[in-house]
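# Survey of secondary and tertiary structure
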Amino acid sequence: MIYLPFIYFGVLMLTNIRKNGIFNIGTYIVALYALISFMSIVLAQGGYYDWSVRDYPIQPYAPILYVILLSACIFPYLKKLPRLSPYLSRRGEKLLDILTVGYFVIFCIVLVVSLTRIQEIMTSNALAEIRNEQYTGDAVAFYDHLHGIPRYVCAMCQILAPSANVMTLLTMYSIAFRKKSVLYNLMGITGSMTMLLIAVNIADRSNFVYWMLFMGLALFIFFPYLSRGKRIGVSAVVAAVLGLILVYFMAVTNDRFEDRADGAEGGLISYAGQSFINFCNFIEYVRPAYSLCEIFPLITMLTGGPGYFEVADTVQSDVSLYIPVFSTFLGYIYSISGGVVMILFVVLYNRISVWLFRKVRKSITLGGLLRIWAGSLVLVLGLFGYYYSFANCTIALIIWIWLSFMLEPGRSSGKTVSRQKVCQRQTTE
């Protein structure tokens, strides 16, 4: 049964490429699940099991359930988006400029405040211990040494940091459709990386993977709209960033898995391949906590209730299983909330996704694209867990939804076109 997801998603990917082409959201999503399914096979065949993924018998119903539930979530995205509209209202143009500058300023603030700590972390040999502090509750914020107004400013920067990931999408839009300078676009890409700085402060790898997934999704959406020169420039910048990310990722991986018999190689395979196996193990052996903390994280934060890690510590298992591991968003929700909530979540997510695409007509605006993009992240980032399960990520979702309506063309004094279209109209007259 370990081969079932790879065969299924591999065939589905090839079918969707033939029908809709390579560069669409559906192909990207299915390719990701085919990849982690393949890595599950590598993990199982190579025996790369460890404390985060156990070698327990997989019953047939768990992989079948996995494929069925993921299919219900993915199918709404298996279609080719209509052509993207390049038109924005004046308000939309100004808003994009404010976001580009604002998120770049947030990046600079976090960099300046945490630079010393980042240098200390990157030159230390205790990356594993620093990361473990996040799980034990001993980790401190990057601004912990500040007081007064600077502390509040940095706290706000940390709250807004996850929402900065939207700049991967908005910057690619600017590159494709707006005549902006290279410096402007570099500011946009840089502004999307604030979470990477915060991640270094806690020796975290997941946010680097998330950023790559964010950028990969943006490239799949906008690549057909880029000229040859822009494709070369974007590829060069992304390749340079990915090179730096790889250096950091390997440094953390080597430190965290230096005691493994199979070293960093086994750690990377476990990282990439454990989600499907852990989902099956959770379905078979875990007795969920029946909490909704990961579904309604803002309520949990406001009421002071136990959060995900606290609830995960109370989850019971019939065998030796560690719960805060990668199990896709399905296993993540199941382990905390149970099977009924997981299935209801899938049904609701399917309905919302179908509704998002129904709103798309002959062309899709940036606002409409942003809503579909935010919805697709449940799947794209759901390779590991449920992305919106933490309060700051839920705040990011609220910000993105608000932005999506502010970026609709009709949001500027009843006018539906940007200055670009006005100029085109004047030329034709």
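Here the structure is a predicted model, which means the values were calculated and not measured.

A few words now on the overall build of the protein chain. When helices and strands are tallied, the protein chain shows 19 helices and 4 strands. Computed over the C-alpha atoms, the radius of gyration of the protein chain is 22 Å, within 12% of the 22 Å expected from 2.2 N^0.38 for a compact globule of 429 residues. Projecting the C-alpha coordinates of the protein chain onto the three principal axes gives extents of approximately 75 × 55 × 45 Å. When the accessible surface of the protein chain is totalled, it reaches about 19,400 Å², and 64% of it is carbon and sulfur. Seen as two clouds, the 33 positive and the 22 negative side-chain charges of the protein chain have centres 24 Å apart.

It is worth spelling out a nonpolar patch on the surface at this point. Together, Y3, F6, I7, V11 and F38 give the surface a local cluster of nonpolar side chains, amounting to about 460 Å² of exposed area. Element by element, the count of residues in the nonpolar patch is highest for helix α1 (residues 4–20), at 3 residues. Following the sequence through the fold, F38 ends up in helix α2 (residues 25–46).

Let's shift gears to helix α15 (residues 328–337). A large share of α15 lies buried, amounting to 10 of its 10 residues. Positioned one or two residues after α15, G338 has a phi angle of 95 degrees, which is positive.

To continue, consider the environment of V53. Note that V53 resides in the loop between α2 and α3 (61–74). Separated by 57 residues in sequence, V53 and V110 have C-alpha atoms that sit 35 Å apart. Ignoring sequence-local partners within four residues, the contact set of V53 consists of L43, Y48, S270, Q274, I277 and N278.

Before going further, it helps to examine helix α10 (residues 206–222). Over its 17 residues, α10 runs 24 Å from end to end, which matches the ideal 24 Å to within 8%, given 1.5 Å per residue. Burial analysis of α10 places 16 of its 17 residues in the buried class, the great majority of the element.

Okay, the packing of helix α4 (residues 90–122) against helix α18 (residues 391–406) next. It is at 10 Å that the axes of α4 and α18 come closest, and there the two elements cross at 145 degrees. Where α4 abuts α18, its residues R91, G92, L95, L99 and Y103 lie against I399, L403 and M406. A breakdown of the residues in the contact of α4 with α18 according to their chemical character gives 6 nonpolar, 1 polar and 1 charged.

Within the largest apolar cluster, 139 residues are counted, with the highest numbers of intra-cluster contacts made by Y33, L213, F222, F329, W373, L379 and W400. With 13 residues, α10 is the largest single contributor of residues to this core. If we ignore the near neighbours within four places in the chain, the residues touching L213 are Y28, L32, V380, L381, L383 and F384.

A few words on the side chain of S404. Looking at the element boundaries, S404 is found in helix α18. Of the residues examined, S404 reaches a relative accessible area of 0% and is grouped as buried. Ignoring sequence-local partners within four residues, the contact set of S404 consists of G367, L370 and R371.

Parts of the model with low pLDDT should not have their predicted coordinates read in detail. The share of residues in the protein chain with pLDDT of 70 or more is 90%, and the mean pLDDT across the chain is 90. Here helix α19 (residues 419–428) stands out as the element of the protein chain with the lowest mean pLDDT, 39, in contrast to α15, whose mean of 98 is the highest. Within the model, the stretch residues 411–429 combines pLDDT values under 50 with 27 contacts to residues more than four positions away or in other chains.

About the cut-offs
Residues numbered from 1 in each chain as written. Predicted model: local features only at pLDDT ≥ 70, side-chain atom pairs only at ≥ 80, totals over all residues. Heavy atoms only, no water. Helix = DSSP H or I, 4+ residues; strand = E, 2+ residues; numbered from the N terminus. Rg over C-alpha atoms; globule rule 2.2 N^0.38 Å. Areas by Shrake-Rupley, 256 points an atom, 1.4 Å probe, with all protein chains shown as cover. Lys, Arg positive; Asp, Glu negative; His and termini not counted. Charge placed at Lys NZ, Arg CZ, Asp CG, Glu CD. Patch = residues over 30% accessible without salt bridge, like charges linked within 9 Å, V, L, I, M, F, W, Y side chains within 5 Å. Salt bridge = Lys/Arg side-chain N within 4 Å of Asp/Glu carboxyl O. Buried < 20%, exposed > 50% of the residue type's maximum accessible area, 1.4 Å probe, protein only. Contact = heavy atoms within 4.5 Å. Expected span 1.5 Å × (residues − 1). Axes fitted to C-alpha atoms, helices over the stretch in contact; angles between N-to-C directions. Nonpolar A, V, L, I, M, F, W, Y, C, P; charged D, E, K, R; others polar. Core = buried A, V, L, I, M, F, W, Y, C linked by side-chain atoms within 4.5 Å. pLDDT = per-residue confidence, 0-100.

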